[in-house]
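# Coordinate analysis (summary)
Spelled out, the chains give:
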Amino acid sequence: MMVLVPERARTPLILSAIAALVAVLGAVGGPTVQRVAVLALVSIVFVAGLSTFSANSGIMSFGHVAFMALGAYTAAFLTIPAPLKATLFTQLPEPLAFLRDVQSSFVVAVVVGGLVAAVLGLATAPAIARLTGLQSGIATLAILMVVYNVLSSWTSVTRGSSSMIGIPQATTLWAALGFAVAAIAVAWAYHSSRSGLQLRASREDYWSSVASGVAVGRHRATAWVLSAFLCGAAGALYACFVTSFNVSAFFLSATFGFIVMVVLGGYLSLSGAVLGAAVVSVLQEVLRRFQDGQFTGGSALPAGVADLLLAGVLLFVLIKFPLGLMGARELGLRRRRASVKQKEPVEA
Amino acid sequence: MIVDYIVSALGLGALYALLTIGVALLFGVLGLMNFAYGEIILAAAFALYFFRDAPWLFAVAMAVVFAVAVALLSERLAFHPLRGADPVTLMIASFAVSLALQSVARMTVLPRAQGVPPQDFLAQRVDILGARVSVRDLVTLVLCGLVLVAVAYLMGRTSLGVQLRAAAENFQMAESLGVKGNRVIASAFVIAGVLAAVGAVVLVTRQGAVSAQMGLQPMLIGVIGAVLGGMSSLRGAALGGFILGVGTATLEALLPSDLIAFRDAFLFTALIGVLVVRPQGLLSGSKVRVS
C-alpha cells in the first residue's frame, strides 16, 4: 500500500485532539477541574516520553520518574527568584555556586530540564542498550533508586527531604496543552522514523532483526535518551505548575501511577499511553474524591482506599487484557488483518 | 571491637541471605520477581506488634501464620490467574499487589508507625573472647543460620525439595512426570512466607517499630541479593545476599559519616554494573539453574 501523508499524520492529530479535549474540559470546569486537566496534560507529556522508549522497544521501564525528578529540580533552580534562592541554598558547594544567580524564562527552563534529564539518559544508555526483560526492569528501577537516594540525601543542593518552594507558577492550561501536543509530535516523529521502525522490528523478533542488520543497542539508546528528554520536560512542567514539591513525589507511588496509565492503555502503543494518561488522571481524581467521602455522604474513608482501588484496577487489566485497551495498535491506522494477535500490523 | 564487627557482619549477611532466598525461590519456580515480598514481611511484623504482650514464642508463631496466610492469599488472588505470563507482567502485577497490601495495612491497622518494645533478653550483652557482643546480634546470627541450614536440607534432601527444583528447571516437564504443579507452587509460597516471618522477627527486634512502609527495604535487599548471586540459583542467591550483608556492614563501618547517606546509591550503581557485565549474576555459571 502506498504511504499516504494524511494517514501518517492521522494518529498525532487524533491524540492532539484528545489533549485539546482535556484542556477544554479544564477551561470550562472550575479551578479543581482545571488543576486535574493540567496534571493530566503533564502526564500526557510524561507518557509520550515513556512510550517513546517502551512502546517501540517493548521493554518496560520503572525508572523514568527519575528523569522527571531531574527535570523538576532543574526547573526549580532556573526559575526560583534569585533573592529567595540565596536564603534557600546557603551551603551550595563551590562548583555549583553559579546556580544561585542563574535565571531563565519558563520555556527555557522546560527545555533545559529535559536536556539535564537527557544527560542522565546518555550516561545510562550503555546499560539499557544491553539489557532486556526482567534485567532491564530491575536496572531501570535501580536508576530510580540511585537518583532518589542522591536527591534525598544531598541536602546542601537539593534540600534533602525538605520541599523545594517558591517556584513561580508558569504552567498554564494552554502552555501545558502546547507542550503536550509538542511531546505527542516528537514521540510520533520518532515512532515513524527509520530508527523507530527498526526498534519495533527488534521488539517483534529480536534475533531476526539482528540478522537483518538492525543495530538494536544503538536504536534502544536513541529512544532511551529521547524519552529521557521528554520525561525531564514533563518534570519541569510539573514543578512550574505545583510551585513547591518534595522529593517523595518522584518515587514509587508516582512510578506506579504512570505504570497504571501505560498498562491500562496498552504499553506497546503511543495512543494507548495517551488515552491511559487521560483516563487514569480522571480515575485518580474520582477515587480521591471517593476517599474524601464526596460520594458516601461526606464521611471520609481511611487513607489508602484510592491506592487500593487503583491497584485492583491494574491487576484486573493485567489479568483480563494484558496488552491494555489498545494492544499494539495506534488510533487512526487501519489494521491489515483482524487475526493479528499481539503483533503490530504493518504500517508503512 | 573486631569480634563485635564479625558477629554483626555475619548476622547481617545471614539475614540478607534469608531475605534473598525468599525472593529467589519464587523467581526460580514461577519466574516471579515478587515486589510484594516486603508486604509479606509486613504481615509478620504486624503479628509481632499485635501480640507484643503475649509470650515471645507465641508471637513468633503467629507471625509465621500471618505471613504464610498473606503469601498464599496473594498467590490465589493475583499470581494464580497470571500463571505463564511473562516475567515483566508478573513484576508489574506484584507491584500492584504490594501497593494493595500496603494500602490495606495503612487503612486498617497501621496508619502510622507503631513501636514494639524489645524483649528484655535481647537488649543484653555477653562477653565473648573479651568483647561485649549484643545478644540481639547473636540471636540474628543463630536464628538466620539455623533457618538457612533448614532450607538447604529441605531443598537438597526431601521429596518436596526435589520437586521444587524440578519445577524450577522445567515446569512443564516436571508436571508431565507427576509433579503436582499447584502444590509445588503453593509450597514455594509457604516457604517464602516462613522465611519472610523469620526475617520480620529479626527486623522488628532490630528496628523496634513496625510501619506500613517497612517492607520496602528488605524487599529491595532480597532483589539486589538475588540479582547479584544469579537469579535462578538458590545457592548463588544465598551467597549473593550474604556478600551483600557483609558488604553493607563493612561499608557502614568504613565509609566516612557524610557518605553513609549515599550508601544505597553506591549499592544500586554496583547493581547496574553487575547487570551490564554479567546479566546472569556474579556467582552463577553460564547455565542458569536452581540447585
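Before going further, it helps to examine the overall build of chain B. Along the backbone of chain B there are 11 helices and four strands. Rg of the C-alpha trace for chain B: 19 Å, near the compact-globule value of 19 Å for 291 residues, within the 12% margin. On the principal axes, the C-alpha backbone points of chain B span a range of 60 × 45 × 35 Å. Here chain B holds 291 residues, and the buried ones make up 50% of them. For chain B, the proportion of contacts with a sequence separation of at least 24, taken over those separated by at least 6, is 77%.

A tally of helices and strands in chain A yields 14 helices and zero strands. When the helices and strands of chain A are read in sequence order from the N terminus, they spell out α-α-α-α-α-α-α-α-α-α-α-α-α-α. The C-alpha radius of gyration computed for chain A amounts to 20 Å, which stays within 12% of the reference 20 Å derived for 348 residues, consistent with globular compactness. Counting only C-alpha atoms, chain A reaches 60 × 55 × 35 Å along its principal axes. Partitioning the contacts of chain A with sequence separation of at least 6, the portion at a separation of at least 24 is 79%.

Turning our attention to helix α2 (residues 37-50) of chain B. Residues and elements named next belong to chain B. Along its 14 residues, α2 runs 20 Å from first to last C-alpha, staying within 8% of the 20 Å computed at 1.5 Å per residue. Here α2 lies mainly inside the structure; 12 of its 14 residues are buried. Here the buried face of α2 lies against α1 (2-30), α3 (56-79), α4 (87-108), α8 (181-207), β4 (209-210) and α9 (216-229).

This brings us to the confidence of the model for chain B. Residues of chain B with pLDDT of at least 70 account for 93%, and the chain-wide mean is 84. ipTM for the predicted complex: 0.83, alongside a pTM of 0.87.

Moving on: helix α5 (residues 135-157) of chain B. In a regular helix each residue adds 1.5 Å, so 23 residues correspond to 33 Å; α5 of chain B covers 32 Å between its end C-alpha atoms and thus fits that length. Along α5 of chain B, the positions that sit buried rather than exposed are Arg136, Asp137, Thr140, Leu141, Leu143, Cys144, Val147, Val151 and Met155 of chain B.

Moving on, we come to the packing of helix α14 (residues 305-320) of chain A against α4 of chain B. Relative orientation and spacing of two packed helices are given, respectively, by the angle between their axes and the distance between those axes. Closest axis-to-axis distance for the α14 of chain A/α4 of chain B pair is 8 Å, and the angle between their directions is 155°. What the angle tells us is that α14 of chain A and α4 of chain B run roughly antiparallel. Considering how the two elements wind past one another, α14 of chain A and α4 of chain B form a crossing that is left-handed. Where α14 of chain A abuts α4 of chain B, its residues Val305, Asp307, Leu308, Ala311, Gly312, Leu314, Leu315 and Leu318 of chain A lie against Thr89, Ile92, Ala93, Ala96, Leu99, Ala100, Ser103, Val104 and Met107 of chain B.

For the rest of this paragraph, the subject is the packing of α2 of chain B against α8 of chain B. Residue and element names in this part refer to chain B. As a packed pair, α2 and α8 sit with axes 8 Å apart at the nearest point and diverge in direction by 60°. In terms of their interaxial angle, α2 and α8 are classed as oblique. Relative to α8, the crossing made by α2 is right-handed. Seen from α2, the contacting residues are Tyr37, Ile40, Ile41, Ala44, Ala45 and Leu48; seen from α8, they are Ala192, Gly193, Ala196, Ala197, Gly199, Ala200, Val201, Leu203 and Val204.

Grouped together as the largest cluster of nonpolar side chains are 229 residues, with contacts concentrated most on Leu41 and Val45 of chain A together with Ala44 and Ala67 of chain B. If you tally residues by element for this core, the top one is helix α11 (residues 216-242) of chain A, at 18 residues. Leaving out residues up to four positions away in the same chain, Ala67 of chain B has contacts with Ile40, Ala43, Ala44, Gly193, Ala196, Ala197 and Ala200 of chain B.

Residues and elements named next belong to chain B. With respect to the helices, strands and loops of the structure, Phe66 is situated in helix α3. When the 24 C-beta atoms within 10 Å are taken as the criterion, Phe66 is described as buried. Residues Phe66 and Ala47, 19 residues apart in the sequence, show an inter-C-alpha distance of 6.6 Å.

Contacts between chain A and chain B engage 32 residues on the former and 32 residues on the latter. Of all the secondary structure elements, the ones that give two or more residues to the side of chain A that touches chain B are α5 (106-130), α6 (133-153), α12 (252-265) and α14 of chain A. Among the elements that line the side of chain A that touches chain B, the one with the most residues is α6 of chain A, at 12 residues. Its residues assigned to classes, the side of chain A that touches chain B comprises 23 nonpolar, seven polar and two charged.

Moving on, we get to the confidence of the model for chain A. Residues and elements named next belong to chain A. When the pLDDT values of chain A are averaged, the result is 87; 93% of them are 70 or greater. When the elements of chain A are averaged for pLDDT, helix α7 (residues 155-158) gives the smallest value, 83, and α11 the largest, 95. Within the model, the stretch residues 337-348 combines pLDDT values under 50 with 15 contacts to residues more than four positions away or in other chains.

Attention now goes to the environment of Ala100 of chain B. Within the secondary structure, Ala100 of chain B is located in helix α4. Beyond its immediate chain neighbours, meaning those up to four positions away, Ala100 of chain B contacts Leu308, Ala311 and Gly312 of chain A.

Conventions used here
Residues numbered from 1 in each chain as written. Chains lettered and ligands numbered in written order. Predicted model: local features only at pLDDT ≥ 70, side-chain atom pairs only at ≥ 80, totals over all residues. Helix = DSSP H or I, 4+ residues; strand = E, 2+ residues; numbered from the N terminus. Rg over C-alpha atoms; globule rule 2.2 N^0.38 Å. Buried ≥ 20, exposed ≤ 12 C-beta atoms within 10 Å, placed from the backbone. Contact = placed C-beta atoms within 7 Å. Expected span 1.5 Å × (residues − 1). pLDDT = per-residue confidence, 0-100. Axes fitted to C-alpha atoms, helices over the stretch in contact; angles between N-to-C directions. Parallel < 35°, antiparallel > 145°, perpendicular 65-115°, else oblique. Left-handed = near helix turned anticlockwise from the far one by under 90°. Core = buried A, V, L, I, M, F, W, Y, C linked by C-beta atoms within 7 Å. Nonpolar A, V, L, I, M, F, W, Y, C, P; charged D, E, K, R; others polar.

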